[in-house]
Structure formats: C-alpha cells, structure tokens
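Coordinate inspection notes
For reference, the chains in residue letters:
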Amino acid sequence: MRLPKVTRFLATVATAALAALGTVTVDVAPASAAVRNVCYNTSQAGPFASYAVQAASIWNNRTNNINMAQCGSNLMIYYTYGGGSYAQRTSLGNGRVVIDYYQAQQYSPLRIMTHEIGHILGLPDNYNGNCAILMSGGSAGTSCTNPYPSTAEAARVDQLFGFAAARSATTPQVFTGSWPAPATAGAQR
C-alpha cells in the first residue's frame, strides 16, 4: 500500500526540521515501520540539483519503503566535467552520485540521475538495451529518455528497504561504465 502524498510530505518536513536542528537521521520511523528516509544533499550538484530533486520524487512515487528528502548527507550529489557518470555506494541508501556534464548533453540527465540513484538504492546495472528498464543505462541509446524504474526495479528497492537487516546486506561498491563515453569533437566513429 502506498502512503498518501500528505503523509510523505509530513515525513519530509519533519525530517528537514530535525536536520535544521542538527539532528540528521536515516531512520525516522521505528524499526518495525517499513518506510526509510534516504537523506540527500544537492549543494555540490550544480546544474544537476533540480534533476536530483526530480529523481528523488520519481523514486518516492514508485516505491513504498523509501522516502527520499533533502535532509542530510547520506547521499551526496556531485557533478564533473568528463570521466563519466557513476555512483559509489558505501551502504544501502548511502554514498555519492557523480554526474558527468558532457555525458548529460548526450543522454537524458534525468535518466542518468535516476539510474545512478538506483545504484545507491541497491540496484545493479542491466546492460540489455531496453529503454523500459532504468538500470539498462546508456545501453538503451541516446534517444532513450525514460527516467522511471520498471515495476520489478521498484519492487526490488522495496524489498531491500523492507527489512532493517537489509541495510548491511549490500557491500560498498562503485558503479561505472553505465553510460558510454561522450563523443568528442573531431573523433572518428
């Protein structure tokens, strides 16, 4: 059952208020509750901050067991010029996402952001080229702009966040290579 948007909004406001008071928490709800807060920070995201907010909203609307909110630094969002977009998960719901500015000129920046956050939420890459599968990343091509996780991908995130013990079930990992290198001027094809 999905939580009403008002409940999610109130949870987000309460978490933000706690963060403003200097209390940063990942789990606002008791351990027996299913919803877990994933606090993200866009202060270093530059031109991709609004994409991070949109991606968080997509994950909030597609899943039942997480509530992504700008309430702390469990998930830091950065951007770079070159080197590729990637996610570095330190534990489930924690880590950093780096968006490559040049790559985001070729591929949908919202799809890249939502995909990379998917890694932080526990999902691996899936290089099947299917645009309907978010975690297929750049293998779906530059024309694919779908930023939405499939039902199966959302269900997997819910499963991972459904149990308190699942937090330690994922190991630290760096996810790179989801997006082919951007074409450079004068490069031969």
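See the structure above.
From a predicted model like this one, the values you see are computed outputs, not experimental measurements.

What to know about the overall build of the protein
- The helix and strand inventory of the protein stands at five helices and six strands.
- When the elements of the protein are put in sequence order from the N terminus, they spell out α-β-α-β-β-β-β-α-α-α-β.
- Classification of the 189 residues of the protein by burial places 44% in the buried group.

Some remarks on the side chain of Asn65
- Mapped onto the elements of the fold, Asn65 is located in the loop between helix H2 (49-62) and strand E2 (66-69).
- From its side chain, Asn65 meets the backbone oxygen of Asp158 in a polar contact 2.7 Å long.

Structural notes on the environment of Asn74
- Here Asn74 lies in the loop between E2 and strand E3 (75-80).
- Expressed as a C-alpha distance, the spacing of Asn74 and Cys39, which sit 35 residues apart in the sequence, is 5.4 Å.

Brief notes about the pairing of strand E5 (residues 94-100)
- Judged by how many residues are buried, E5 sits mostly within the fold: six of seven residues are covered.
- Note: E3 against E5, six bridges, orientation parallel. Across the sheet, residue Tyr79 finds its bridge partner in E5, namely Ile99.
- Hairpin remark: strand E4 (residues 86-91) followed by E5, antiparallel, with two residues in the connecting loop; positive phi at Gly93, about 85°.

Digging into the nonpolar core
- Counting residues in each nonpolar core, the largest one holds 32 residues, and the members touching the most others are Trp59, Met68, Val97, Met113, Ile117 and Leu121.
- Among the secondary structure elements, those contributing two or more residues to this core are strand E1 (36-44), H2, E2, E3, E5, helix H4 (109-120) and helix H5 (151-161).
- Among the elements that line this core, the one with the most residues is H2, at six residues.
- In this view, Val97 contacts Leu75, Met76, Ile77, Tyr78, Tyr86, Ala87, Met113, Glu116, Ile117 and Ile120; residues no more than four positions away in its chain are not counted.

So, the state of the cysteines
- Tallied over the entire structure, the rule returns two disulfides.
- Note that Cys39 is cross-linked by a disulfide to Cys71, the S-S spacing being 2.0 Å. On the sign convention where negative means left-handed, the S-S torsion of about -90° between Cys39 and Cys71 marks this disulfide as left-handed. Placement of the pair is Cys39 in strand E1 and Cys71 in the loop between E2 and E3, with a sequence separation of 32 residues.

Regarding the environment of Leu92
- Structurally, the position occupied by Leu92 is in the loop between E4 and E5.
- Through-space distance from the C-alpha of Leu92 to that of Leu160 is 8.2 Å; in sequence the pair is 68 residues apart.

Conventions adopted
Residues numbered from 1 in each chain as written. Predicted model: local features only at pLDDT ≥ 70, side-chain atom pairs only at ≥ 80, totals over all residues. Heavy atoms only, no water. Helix = DSSP H or I, 4+ residues; strand = E, 2+ residues; numbered from the N terminus. Buried < 20%, exposed > 50% of the residue type's maximum accessible area, 1.4 Å probe, protein only. Polar contact = N/O pair within 3.5 Å; in protein donor to acceptor, adjacent residues only side chain to side chain. Pairing = 2+ DSSP bridges. Core = buried A, V, L, I, M, F, W, Y, C linked by side-chain atoms within 4.5 Å. Contact = heavy atoms within 4.5 Å. Disulfide = S-S within 2.5 Å.

In short, the description is geometric, and any link to function would need to be established separately.
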